[in-house]
Amino acid sequence: MKFTEEKARELVERWSTSCKIAWSAQEQNEVGAVLVRLADVVTPHVVRDANLSDSRVLEILARRTLNVIEEVLLKTAVPLRQAYDLDGVRFQQDGAHHAVGLRSATRDELVDLPGLGEKSAAQLAHYLSSRPVSIIEEIVEIDGFGAKRLALLRKSAYLDPPTRMLLSPTVYRFVINPTISSFLSVLENSDLGFAFGDETAFVRRMPQWQASVASRFCALLNTIFEHRSRIATIADGIVASEAEQWLRRYEKYLGYLERLTEARGIVLRDSQYYEGAHKILTEATQELSLMVFLATAASGSADRPGPLGLIEALEAAAARGVRVRVILDRDDPSKPYKSYLINKSLATRLRSGNVDVRFDAQDTLLHSKVLVADRRVVVVGSHNWTYAGMNATHDLSLVLQSEVIATDFANKFESLWSSLPPLGK
């Protein structure tokens, strides 16, 4: 079975209606014809070893073709993202407002930053514009700028790269999310067009970029067709049963994408975990929820910190009125982990410091390493709260700043917590 003109027309009509000005019948036919040719190259044949309906097979053929187009768009967006130095929007420490890039800030934005005024803002602006400053810590060299002012600035500002660029909101949205829809938006709102090759190729094809949206989209499809037709082999065909499994997985993937929540975060590698977690613990104001496989109060050194400082931060949070709860693993005595033996002394200490502690059920293994603070920040990864976990093993954790994600983890903690019995006196 082959990809049909009817299926192509269905896709083309969808793209056409997403534009502000719908494509003419002739334009839709042109795009549809190129799409059929491309689909035939992407999947030259289907081995019908399973009882799939024709509509399901067409859906498989369409999805395989669209994936090829989207892959090219992704590769097109990557160099743009690198050129624009887009590494994610930064936020102030409160997580609610955008941070200020010190180099690109206006005079009024600098004056409004905490710890600055008219004179200090002018000093800072002059310093950053006249020197090759590479890290924000260098501003302490400015007369009157010390560690205290630097600490205040770091809560609301950062040292942004000195990048100059031409950019539009439409192009930015495509670079961040390179899909067919966002690409069509770029075509419709500009005279940009897809190009492949070097400057000579660009100049030769430049007249086509003055064409309609549909024609410029055809140029993309034709370029992809040229490439795919050169590398096509008999192996590009599919077995229907395997394709059906692939499509089901892909449909689940799309469902997950729809439920994704944007979050800002950082990666904590090895001993970086201590500093990252400690900051979160000390800034918590309402509640802290920790579930971890292994935890101790082992001390360390300045360059190789043990978890003792984190335990003390938990106790300090409880002392200032923060609700602090901890779930630790308790293994079956016949198992080799010895988690109860390791965790029980810490549980005794924490409870004496007004930290509420519960043990996981003996017949299950609590392998989670999750810290949730104020239902707005979550740390999740592989770090145990042990000296080895922070210094002797290669562990990785993520700090995610998202109320939606943090609340989801907090609810999971709450569900587990309510299923466990309180510890006896």
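On a predicted model such as this, the values are computed, not experimentally measured, just so you know. The residue numbers shown here count from 1 along each chain, following its written sequence. Only residues with pLDDT of at least 70 are given local features in this predicted model, and only at 80 or more are side-chain atom pairs given and counted; all residues enter the totals for whole chains, interfaces and linings. Side-chain numbers come from the whole structure's heavy atoms, not from hydrogens or water.

## Focus on the pattern of salt bridges
Then comes step 1: Take a side-chain nitrogen of Lys or Arg and a carboxyl oxygen of Asp or Glu: if they are within 4 Å of each other, that pair is a salt bridge. Considering all chains together, one arrives at 18 salt bridges under this definition.
Then comes step 2: For aspartate 54, the salt bridge goes to arginine 48, with nearest N and O atoms at 3.4 Å.
Then comes step 3: The partner of glutamate 71 in a salt bridge is lysine 75, with the nearest N and O atoms 3.3 Å apart. Taken as a pair, glutamate 71 and lysine 75 lie in helix H3 (residues 54–84) at a separation of four residues, close to a single helical turn. Each helix is a run of H or I in the DSSP string that is no shorter than four residues. Each strand is a run of E no shorter than two, and both are numbered from the N terminus.

## Thoughts on the sheet that holds strand S11 (residues 396–401)
Then comes step 1: When DSSP finds two or more bridges between two strands, those strands count as paired. The strand order across the open sheet formed by seven strands is S5-S11-S10-S9-S6-S7-S8, and the pairing between neighbours is mixed. Two strands lie at the open edges of the sheet, namely strand S5 (264–269) and strand S8 (356–359), each paired on one side alone. Strand-to-strand, the axes of this sheet are offset by a mean angle of 10 degrees, without reference to chain direction.
Then comes step 2: Across five bridges, the pairing between strand S10 (residues 377–381) and S11 is antiparallel. The partner of valine 379 across the bridge, within S11, is valine 399.
Then comes step 3: Residues count as neighbours in contact if any of their non-hydrogen atoms are within 4.5 Å of one another. To get an axis, fit a line to the C-alpha atoms, keeping to the stretch in contact for a helix; angles then go from 0 to 180 degrees between the N-to-C directions. Most of the contacts of helix H14 (residues 339–352) go to S8, to which it runs at about 160 degrees, and overall it touches strand S7 (323–328) and S8.

## A closer look at the packing of aromatic side chains
Then comes step 1: Only Phe, Tyr and Trp rings are paired, with Trp represented by its six-membered ring, and only when their centres lie within 6.5 Å; those with planes under 30 degrees apart are stacked, over 60 edge-to-face, the remainder tilted. A full pass over the atoms with the stated rule returns eight aromatic pairs.
Then comes step 2: Note on tryptophan 15 and phenylalanine 217: the rings are 5.1 Å apart at their centroids and 80 degrees apart in plane angle, and the pair reads as edge-to-face. Of this pair, tryptophan 15 sits in helix H1 (residues 5–18) while phenylalanine 217 sits in helix H10 (residues 213–231), and the two are 202 residues apart along the sequence.
Then comes step 3: Residue class for tryptophan 15 comes out buried when judged on its relative accessible area of 7%.
Then comes step 4: Only protein chains enter the area calculation, which uses a 1.4 Å probe; residues under 20% of their type maximum are buried, those over 50% are exposed, and those in between are partly exposed. With a relative accessible area of 0%, phenylalanine 217 lands in the buried category.
Then comes step 5: Ring centres 5.2 Å apart and planes at 65 degrees place the aromatic pair tyrosine 340 and phenylalanine 359 in the edge-to-face group. Separated by 19 residues along the polypeptide, tyrosine 340 in helix H14 and phenylalanine 359 in strand S8 bring together distant segments of the chain.
Then comes step 6: Look at phenylalanine 359 and you get buried, because its relative accessible area is 6%.

## Looking at helix H7 (residues 169–176)
Then comes step 1: Listed in full, the buried residues belonging to H7 are Thr170, Val171, Phe174 and Val175. Burial along H7 is one-sided: seen end-on, the buried residues are contained in an arc of 135 degrees.
Then comes step 2: Residues of H7 that are buried in the fold lie against H3 and helix H8 (180–188). What the arc measures is the spread of directions leading from the helix axis to the C-beta atoms.

## Notes on a nonpolar patch on the surface
Then comes step 1: Together, Val89, Met165, Leu167, Tyr172 and Ile176 line one region of the surface with nonpolar side chains, adding up to about 390 Å² of accessible area.
Then comes step 2: When you line up the elements, leucine 167 lands in the loop between strand S3 (157–158) and H7.
Then comes step 3: Look at leucine 167 and you get partly exposed, because its relative accessible area is 36%. Residues form patches when they are more than 30% accessible in relative terms and have no salt bridge. Like charges link within 9 Å. Nonpolar side chains (Val, Leu, Ile, Met, Phe, Trp, Tyr) link within 5 Å. The Shrake-Rupley method, run with a 1.4 Å probe sphere, supplies the accessible areas, and residue values consider only the shown protein chains as cover.

## What about the environment of proline 421?
Then comes step 1: You can see proline 421 is positioned in the segment after helix H16 (403–419).
Then comes step 2: Placed 62 residues apart in sequence, proline 421 and phenylalanine 359 show a C-alpha to C-alpha distance of 8.1 Å.

## Quick word on the packing of helix H13 (residues 308–319) against H14
Then comes step 1: Two elements in contact, H13 and H14, have axes separated by 10 Å at closest approach and are oriented at 30 degrees. Relative to H14, the element H13 lies roughly parallel. Two packed elements cross with a definite hand, and for H13 against H14 that hand is right-handed. Taken together, the residues of H14 that come into contact with H13 (itself represented by Leu308, Ile311, Glu312 and Glu315) are Leu346, Arg349 and Leu350.
Then comes step 2: Under the scheme applied, nonpolar residues are Ala, Val, Leu, Ile, Met, Phe, Trp, Tyr, Cys and Pro; charged residues are Asp, Glu, Lys and Arg; polar residues are all the others, including Gly. Its residues assigned to classes, the contact of H13 with H14 shows four nonpolar, no polar and three charged. An angle below 35 degrees is read as roughly parallel, one above 145 as roughly antiparallel, one from 65 to 115 as roughly perpendicular, and any other as oblique. Handedness of each helix crossing follows the sense of rotation of the near helix against the far helix: counterclockwise by less than a right angle gives left-handed, clockwise gives right-handed.

## What about the nonpolar core?
Then comes step 1: Put simply, a nonpolar core is a bunch of buried Ala, Val, Leu, Ile, Met, Phe, Trp, Tyr and Cys residues held in one set by side-chain atoms that sit within 4.5 Å of each other. Counting 50 residues, the largest nonpolar core has Phe3, Trp15, Trp23, Val31, Ile69, Leu184 and Phe217 as the members making the most contacts within it.
Then comes step 2: Look past the residues within four positions of tryptophan 15 in its chain and what remains in contact with it is Trp23, Val31, Leu35, Leu66, Ile180, Leu184 and Phe217.

## Remarks on unusual backbone geometry
Across residues other than glycine, the phi torsion is negative in most instances, and most of the peptide bonds are trans.
Then comes step 1: The phi dihedral of asparagine 354 falls on the positive side, at around 65 degrees, and the residue is not glycine.
Then comes step 2: Assignment of secondary structure puts asparagine 354 in the loop between H14 and S8.
Then comes step 3: Residue classification places asparagine 354 among the exposed positions, given a relative accessible area of 65%.
Then comes step 4: We note that aspartate 374 has phi near 55 degrees; this positive angle belongs to a residue other than glycine.
Then comes step 5: Turning to its location among the elements, aspartate 374 is positioned in the loop between strand S9 (369–373) and S10.
Then comes step 6: With a relative accessible area of 11%, aspartate 374 lands in the buried category.

## Describing the pairing of S11
Then comes step 1: Two elements, S5 and S11, share six bridges in a ladder whose sense is antiparallel. From the neighbouring strand, glycine 265 faces S11, where its bridge partner is leucine 400.

## Section: the side chain of aspartate 160
Then comes step 1: For aspartate 160, the position within the fold is in the loop between S3 and H7.
Then comes step 2: Residues scored as positive are Lys and Arg, those scored as negative are Asp and Glu, and His as well as the terminal groups of each chain are ignored. Buried within the structure, aspartate 160 lacks any salt-bridge partner; its nearest side chain of opposite charge belongs to arginine 103, at an N-O separation of 5.1 Å.
Then comes step 3: Polar contact is the term for a pair of N or O atoms within 3.5 Å; when the atoms are in protein, one must be able to donate a hydrogen and the other to accept it, and sequence-neighboring residues count only if both atoms are side-chain atoms. A polar atom in the side chain of aspartate 160 sits 3.2 Å from the backbone nitrogen of leucine 102.
Then comes step 4: A polar contact of 2.7 Å, which involves the side chain of aspartate 160, links it to the side chain of serine 104.
Then comes step 5: In contact with aspartate 160, not counting residues within four places along its chain, are Gly101, Leu102, Arg103 and Ser104.

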